[in-house]
Every structure is written in structure tokens, then in C-alpha cells.
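# Fold and geometry: a report
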Amino acid sequence: MVDLTDFDRMQAAALAGGGEDQAAKQHQKGKRTARERIAALLDAGTFTELDRFVSARGSSTEADPSRPLTDGVITGWGKIDGRQVFLFAQDFTILGGSVGESHGRKIAKVMDLALQNGAPLIGLNDSGGARIQEGVDALAAYGEIFLRNTRASGVIPQLSVILGPCAGGAVYSPAITDFVFMVEKTSYMFITGPDVVKSVTHEEVDADSLGGAWAHRALSGVAHFTAPDEDSLLAQVHRVLSFLPSNNLDQPPYLPPRDGARETPELGEIIPQEPNKPYDVHQVIGALCDEGDFLEIQPEFARNLVIGFARLNGSPIGVVANQPDFLAGVLDIDASDKAARFIRFCDAFHIPLVTLVDTPGFLPGVDQEHGGVIRHGAKMIYAYAEASVPKLSLILRKAYGGAYIVMSSKHLGGDVNLALPAAEIAVMGPEGAVQILHRKAIAAAEDPAAKTQELTRRYREQLANPYIAASRGYLDDVIAPAAARGRLIDALESVQAKRQPAPQRKHGNIPL
Ligand code: HXC
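Residues numbered from 1 in each chain as written. Predicted model: local features only at pLDDT ≥ 70, side-chain atom pairs only at ≥ 80, totals over all residues. Heavy atoms only, no water.

### Brief notes about the environment of Ala 56
By the element assignment, Ala 56 lies in the loop between strand S2 (54-55) and strand S3 (58-59). Classification of Ala 56 by relative accessible area gives buried; the value is 7%. Not counting residues up to four positions away in its chain, the partners in contact with Ala 56 are Arg 67, Pro 68, Asp 71, Ser 102, Arg 131 and Glu 134. (Helix = DSSP H or I, 4+ residues; strand = E, 2+ residues; numbered from the N terminus. Buried < 20%, exposed > 50% of the residue type's maximum accessible area, 1.4 Å probe, protein only. Contact = heavy atoms within 4.5 Å.)

### Some details on the site of the ligand
Lys 29, Gly 96, Gly 128, Ala 130 and Ile 132 are the nearest of the 21 residues found near the ligand. The separation between an oxygen atom of the ligand and a polar side-chain atom of Lys 29 is 3.1 Å. One of the backbone N or O atoms of Gly 128 is found 2.6 Å from a nitrogen atom in the ligand. In isolation the ligand offers 1,000 Å² of accessible surface; the protein chains occlude 53% of this area. Sorting the residues of the shell around the ligand by element identifies helix H5 (135-152) and strand S8 (165-167) as the ones contributing at least two each. Tallied by class, the residues present in the shell around the ligand amount to 11 nonpolar, 8 polar and 2 charged. (Near = heavy atom within 4 Å. Polar contact = N/O pair within 3.5 Å; in protein donor to acceptor, adjacent residues only side chain to side chain. Areas by Shrake-Rupley, 256 points an atom, 1.4 Å probe, with all protein chains shown as cover. Nonpolar A, V, L, I, M, F, W, Y, C, P; charged D, E, K, R; others polar.)

### A short note on the pairing of strand S13 (residues 305-312)
The element S13 is extensively covered by neighbouring structure, given that 8 of its 8 residues are classed as buried. Burial of S13 is two-sided: the residues Leu 305, Ile 307, Phe 309 and Arg 311 facing one way and the residues Val 306, Gly 308, Ala 310 and Leu 312 facing the other way are all buried. Pairing analysis gives 3 bridges linking strand S12 (residues 295-297) to S13, with the strands arranged antiparallel. Note that in S13 the partner of Leu 295 across the bridge is Phe 309. (Pairing = 2+ DSSP bridges.)

### A look at the pattern of salt bridges
Applying the stated criterion across every chain, the model contains 31 salt bridges. For the salt bridge of Asp 126 with Arg 37, the shortest nitrogen-to-oxygen distance reads 3.0 Å. Pair noted here: Asp 126 is in the loop between strand S6 (121-125) and H5 and Arg 37 is in helix H3 (residues 34-41), with a separation of 89 residues, a long-range link. The buried category is assigned to Asp 126, whose relative accessible area is 0%. Take Arg 37: its relative accessible area is 0%, and that puts it in the buried class. For Arg 37, the salt bridge identified is with Glu 230, shortest N-O distance 2.8 Å. Remark: Glu 230 occurs in helix H10 (residues 230-241) and Arg 37 occurs in helix H3; sequence separation between them is 193 residues. Taken together, the shared-partner salt bridges in this structure form one network comprising Lys 31, Arg 37, Asp 126 and Glu 230. (Salt bridge = Lys/Arg side-chain N within 4 Å of Asp/Glu carboxyl O.)

### Thoughts on the pairing of strand S5 (residues 83-90)
Of all 8 residues in S5, 6 are buried, a share of seventy percent or more. The pairing of strand S4 (residues 73-80) with S5 spans 8 bridges and is classified as antiparallel. Residue pairing in the sheet places Gly 78 in a bridge with Val 85 of S5. Linkage of S4 to S5, two consecutive antiparallel strands, is achieved through a turn of 2 residues, within which Asp 81 is found at a positive phi near 50°.

In C-alpha cells form, the structure reads like this:
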């Protein structure tokens, strides 16, 4: 009979984490332990742990409290909805989940496995950052992680779930990954915490206001998804993965459609005839996509532009839509950044893009100009032009000026470009154009308001109607609202096998 005494003792030590008191502290803060999180995230019974007998700086044969087994991070693989993933979960109960040499090596190992095996990598972050006692070795560990995040970018999806502190340079690993998830009240991300902020800038701010879930979902755009508790946040991880392929060589997961190519006459009701009247583009997206099911990304950041995942007849798509309900759907710095990064994600993972256009153009203003709207807007142009996935667009109403070109136009390589009959495509909106073209005539008119109205009507008819663009082939068709979903499905099926060879080069130089 084999003596399992040592094995049982070591196994118990590895499973114990930082002990019951530390686990109780986690629970008091409304947080789960690392092992509880893994159990909540993965399909039951699918987790295989790696490196549980690793401890700080080398091996330990005793349960040494100064060098606890696992070194404060649980790593391994398992399944989510039957699909392979690799993951790490930092264990705050051990040395505050701080990253030392061994801790970093464990994460690097599981990242290498994820990349080599073409499966998503999920990081559950809850850490005091670089382990102070380990000095430069702790910093080195972070560098190794950043390197791997970058090499895996565009090859496997990388999701970062922030479930506690994430401070200092540690924030840059999540920032390199594709999607950042944050739980409200118990997670925060910042380069320097409230104390440093106070000593340097004399600003008084608490951790949650500085770098909590709300700050990053509404103001900075760092967080893509947030939730009030850990369970609902982890449910969002499942939902995001349901739209993604496991790697850049796989196709996104197809689901048998349940509502087919139904007609969408409601678009005629949702989109007002009046060119400047607001409406909620979510209603349009809901009407167009399968079962109205839309997973919005960064819903509170740059609300003038809506992005997210949906399906068309079972195939995942990335939706980019101007939002006339917020700032009239104008394009600005944040909207450009938001769109550009999403477009590049979709392009890397074969997710076709569907762009819904209704925008008066780029936002004028000193803040925007000095903030670099030129540089940021250029990202969006670059991203659309570079993307070689199928690109479909539907102009719902206004497409003026640069925004017409930017929003997936034929000229940037749009594959199928459609417009509704009420679409207006022109160098600028009628109000501005009429003033520039007819200032003298308006000033000389007996009734300048009536003259302006008349000239505006003529401008719309003669220079802005969609049949001009259609007559040049810049639009492939002008379609009835009821046909919109059917035509997008048909277009997607027709261009799904698209191949677009790119010129040989090391990489382009996207204006960052
Ligand atoms: C070593 C650490 C640690 C760290 C926390 N602990 N952070 N040990 N290195 N970086 C330990 C604590 O000593 C404590 O040990 C246990 O973890 C729990 O921490 P508490 O402070 O009791 O918890 P809490 O009150 O919840 O506060 C959590 C915290 C705080 C806000 C994260 O611990 C903190 O401010 N830590 C330092 C954060 C930081 O500045 N990190 C360096 C960032 S710079 P005991 O034994 O008492 O239980 C960085 C550079 C990365 O990370 C560079 C990458 C390029």
C-alpha cells in the first residue's frame, strides 16, 4: 500500500490558500476566494490545476507560512459552455495576491499554453501588485506577462476580470487584453492610488471614485463590462465568449437561427422622417439582429456610438452604430477610439462588421481639436480601411462629410453598402451648405427664412439624396426599411468567404 501521508498533507496545504481567517476576510468584503471564483466560472468538474506545489522562489516541502503553496495564484485549464479555456485566478488571501517571481512564472506558463493551444485566456485579477519583498524579480514577472499579452493579441481572445485591487503597472496587463470586466464597489484600477494623487496634485478622491467600475465604464473607457456582483460579472464572461472563436484560425460560433429573414417594417416607424429628430439606435439594432439579442460593449462610454456583438441568421457580427439619441450621434475623440479598437478586434477574429450610419459628422470645438480629434478620428479610418472581414453598412438617415467616408463606406473597402430611402449623403448638412452656397441670395430675399427653407429643400432633393451615391455605385442599393434584415443576411452570406490578400509588410503604423 502506497503511503499517501505526505501527498495528503501537501495537497491540503495547497488547497488551504491563506487559511480560513483570510477567506473570511474576503467574504466580509463581498469577495469570493480564487477557488470559489474558478468553480463559479467553469463548467462543473472541468478544472485541472497546474503548479499547485509551487511556492515563492523555489520548491517547498513543508507548509511554510512565509512561502505558501500556489504562491498566491491558481492556474490551469477547464471548460466554459463545453469549450476549452486557460485561466489564472489571483488569491488575495496569500500575500495579498501580490505578484512575485514564482507567481509570475505560473501565469506565464498558462499564457503560453493558451497561445500554443489556441484557446481563450481568462485572468481573474485580485492583487496588491508587485510583491515588494521580491523587488526587481517581481517587476520582471510583470514584464514577462506584458510580453505574452502582446504576443497573444489577435491570436487568442484575452479577457481580464478585475475582482479586487489592480494598481500600479499591474493595470497594463488587463489594458493590453481584449476586454476588461469590473465588479462594482470591490474592484479598482489605477496607476497611482488616492494617497499618491493627494500628495502630487492635492486632489482628494477615494479609490472607488478614482478607479472603480463606474469611473472606468463611464469616463475612461478602460472597462468594457461591469456588474454589481461577481456572479453576474462572470455570467457576462460566458456571454462574451459565446460570440468569439477560440483563436484567429477558427470561425466564430454559429448558432442555428430561430427567427430567419423576417421583414423589418418597424424601421420606418423607429427612424423619424425629420433629419434632426433623435431616436434610439438600439431599437434599430434590436429589429435587425437575431431575436433582438445584442450584447453591448462599453454602453456608458462615448454613448454617441454604440458597439457590440449580435448575430445575423446565426452568424456572429460586430455592430458599429451612430446613436442619434446622444449628441446627435456625432463622432468625437472617444467614439473614434471606441470604434477603432472594436473594429480591429472583430477583424482579428473573423467577426464581420455591420455598420449603421446616422451621424452629422465630427464634433467641432476647441477641446476636440486640441484633444487630437484628428489623431483619434484617423484611428477609426485606419481600422475600417485595414479590416479585411466582410464589411456591410446601412445608411439609416444622415451621412455627412468625413463621417460618410469613415463609417465603412465603399471607398474604405465596404463590401455591401446599402441605404434606406430617407438617407442623406452630402459634403455637409443642409443648414451649413445653404448658408455657404446662397448667403447673398438669402440676405437679398424678402423673406430670408422662407428662402432658406426652400433652398434647404432643394439641397436635400438635388445634392443629398441617396440615388446620387447609388448612381455612382458608391451604394450598392437603396432598400425599403422592411427589407433591411433580409438584405443584410443575404449580403453577409454572399461575402462571408471573402479573401483579401494584404501587401507584405512588418506592420502598418496605425495613428495611436
Ligand atoms: C507584498 C502585499 C502587497 C504587495 C498587499 N500585500 N500588497 N505584500 N507586496 N504589493 C499584503 C499585505 O502586507 C497584507 O499582508 C496582505 O497582502 C493584505 O493586504 P492588506 O493591506 O491587509 O489588504 P487591504 O486593506 O485590503 O489593502 C489592499 C491594498 C494594499 C490596497 C492592495 O495592500 C496596498 O495598498 N498594497 C500595496 C499596493 C501597491 O502599491 N502595490 C505596488 C503597486 S506598483 P498580511 O500579512 O498583513 O496579511 C506595482 C508595479 C508593477 O505593482 C509594475 C509593473 C510594470
